[in-house]
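Okay, here's what each chain looks like letter by letter:
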Amino acid sequence: MRISIVMMLLVVTPSFAQTTLFNGKHIDAPIGLTVGYVSKDWRTNIKGNVIHENLWGEENKRMHGLQLGFNYQPCFNFGLGAHTGVFYEYYYSVSKTIEDYGFDDFGEHSLYIPLHVMYRFPIAKKISFSVYGGAGINWAISGKYSDAEHRVVGALHAVSLLMDSATGDTYNPVVDILRDATSPPHDNENRYLHYGGGDWPKRFNLQWEVGGAFRYNKLQLGFTYSFGATNHSFYPGYLTRQDKINVFLSYVMDFE
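One structure accompanies this document, and this report is about it. (Residues numbered from 1 in each chain as written. Predicted model: local features only at pLDDT ≥ 70, side-chain atom pairs only at ≥ 80, totals over all residues. Heavy atoms only, no water.)

In this section: the side chain of T34. Following the sequence through the fold, T34 ends up in strand β1 (residues 31–46). Side-chain polar atoms of T34 contact the side chain of N71, separated by 3.5 Å. When sequence neighbours within four positions are dropped, the list of residues in contact with T34 reads Q67, L68, G69, N71, F87, F248, L249 and S250. (Helix = DSSP H or I, 4+ residues; strand = E, 2+ residues; numbered from the N terminus. Polar contact = N/O pair within 3.5 Å; in protein donor to acceptor, adjacent residues only side chain to side chain. Contact = heavy atoms within 4.5 Å.)

Take the pairing of strand β8 (residues 219–228) next. Of the two faces of β8, only the one carrying Q220, G222, T224, S226 and G228 is buried; L219, L221, F223, Y225 and F227 on the other face are not. In this antiparallel pair of consecutive strands, strand β7 (residues 204–216) and β8, the connection spans two residues, and N217 shows a positive phi of 55 degrees. Two elements, β8 and strand β9 (residues 240–253), share eight bridges in a ladder whose sense is antiparallel. Each residue of the ladder has a partner; that of L221, found in β9, is L249. (Buried < 20%, exposed > 50% of the residue type's maximum accessible area, 1.4 Å probe, protein only. Pairing = 2+ DSSP bridges.)

Bringing the pattern of salt bridges into the picture now. Should the charged atoms of two oppositely charged side chains come close, the side chains can pair. Throughout the structure, instances matching the rule amount to four salt bridges. Between E108 and K40 there is a salt bridge, with the nearest N and O atoms lying 2.6 Å from each other. Residue E108 is found in strand β5 (residues 105–122), and its partner K40 is found in strand β1; the two are separated by 68 residues along the sequence. For the pair E108 and K40, one class covers both residues: buried. One salt bridge connects E89 with K244, and the closest N-O pair in it is separated by 3.0 Å. Placement of E89 in strand β4 (residues 80–94) and of K244 in strand β9 is noted, with a sequence separation of 155 residues between them. Take E89 and K244: they sit in the same class, and that class is buried. (Salt bridge = Lys/Arg side-chain N within 4 Å of Asp/Glu carboxyl O.)

One non-glycine residue, F78, adopts positive backbone phi at about 60 degrees. With respect to the helices and strands, the residue F78 is situated in the loop between β3 (63–72) and β4. Even without a glycine there, the phi angle at S233 is positive, about 55 degrees.

Turning our attention to the pairing of strand β6 (residues 127–146). Examined bridge by bridge, β5 and β6 share 18 bridges and lie antiparallel to one another. Residue pairing for β6: Y112 is matched across the bridge by N138. Count of turn residues in the β5/β6 antiparallel hairpin: four residues. Note: β6 against β7, 13 bridges, orientation antiparallel. Bridge pairing in β7 links G134 to E209.

When you line up the elements, D41 lands in strand β1. When the C-alpha atoms of D41 and R62 are compared, they prove to be 5.0 Å apart, with 21 residues separating the residues in sequence. With residues up to four places along the chain from it excluded, the contact list for D41 reads H52, E53, K61, R62, R241, Q242 and D243.

The biggest cluster of nonpolar side chains holds 12 residues, and these are V38, W42, L55, W56, M63, Y91, F106, A140, Y145, L193, Y195 and F234. For this core, the secondary-structure elements that each account for two or more residues are β1 and β6. (Core = buried A, V, L, I, M, F, W, Y, C linked by side-chain atoms within 4.5 Å.)

A separate point is the packing of aromatic side chains. Taken as a whole, this structure holds eight aromatic pairs when the rule is applied. When the ring of F106 is compared with that of Y145, the centres are 4.7 Å apart and the planes differ by 50 degrees; the resulting orientation is tilted. With F106 in strand β5 and Y145 in strand β6, this pair connects stretches of sequence that are 39 residues apart. Here F106 and Y145 have matching classes, each one buried. Through a chain of ring-to-ring contacts, the aromatic side chains of F106, Y145 and W200 assemble into a single cluster. Residue placement shows K40 over the ring face of Y91; its charged tip is 4.2 Å from the ring centre. We note K244 situated over the ring of Y112; from NZ or CZ to the ring centre the distance is 3.6 Å. (Phe/Tyr/Trp six-rings, centres within 6.5 Å; stacked < 30°, edge-to-face > 60°. Lys NZ or Arg CZ within 6 Å of the ring centre and 35° of its normal.)

Right, let's get into the environment of V86. Here V86 lies in strand β4. Taking the relative accessible area as the measure of exposure, V86 reaches 40% and is therefore partly exposed. Sequence-distant contacts of V86, defined by excluding residues within four places in its chain, comprise G69, F70 and Y112.

Pasting the structure below:
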């Protein structure tokens, strides 16, 4: 069965070469501006029991975020090419797990660089399908816990100060109440994620990745799944990997 599939590809691919990509008629457009959805969790296998969790320690829940950046995917001879780029990712999550410590939401800024080998199947001049695989690098810039309710009250505090300034009042009891309410119940040091310390994930994450993309004219829709390679050591004696899902839409352009 596998041999027959390989033989079919060998027969079909040259016919594509005569009409589309390999004689230069297919639109290459290697540069793309990309917006995407990203989602990640941490996976630990403890004696056959696989645990998936987020940074709150909640099982079977993921961190969700937004991805922005550009990709570069030149295509060389016989459909082979590369798929890389530079992307900014922002993850945001809300939880009541540690609200007793004064935190109920989390935000993280991260950079992502894919390093993939690509194979493109041209279907027509403006239509193609590509598959790719290789490595991916994530570098967490910073992560911080905060208190959503604290920020709302803080905004009301600012509004009250503006009202006080506008009316010329020298005393406003609402301002005093809000000032007390917005006093942080925790120190700033504990707000920030201490990467690599204790049970926290490492700042650097290497992952093995596979994916594919469908392109029509200058729009490309793609999907990438990442299998973590870095051990984040959540639990002593066991491996913890960070896995990621990425769905993206790109507007592709050519140098010409």
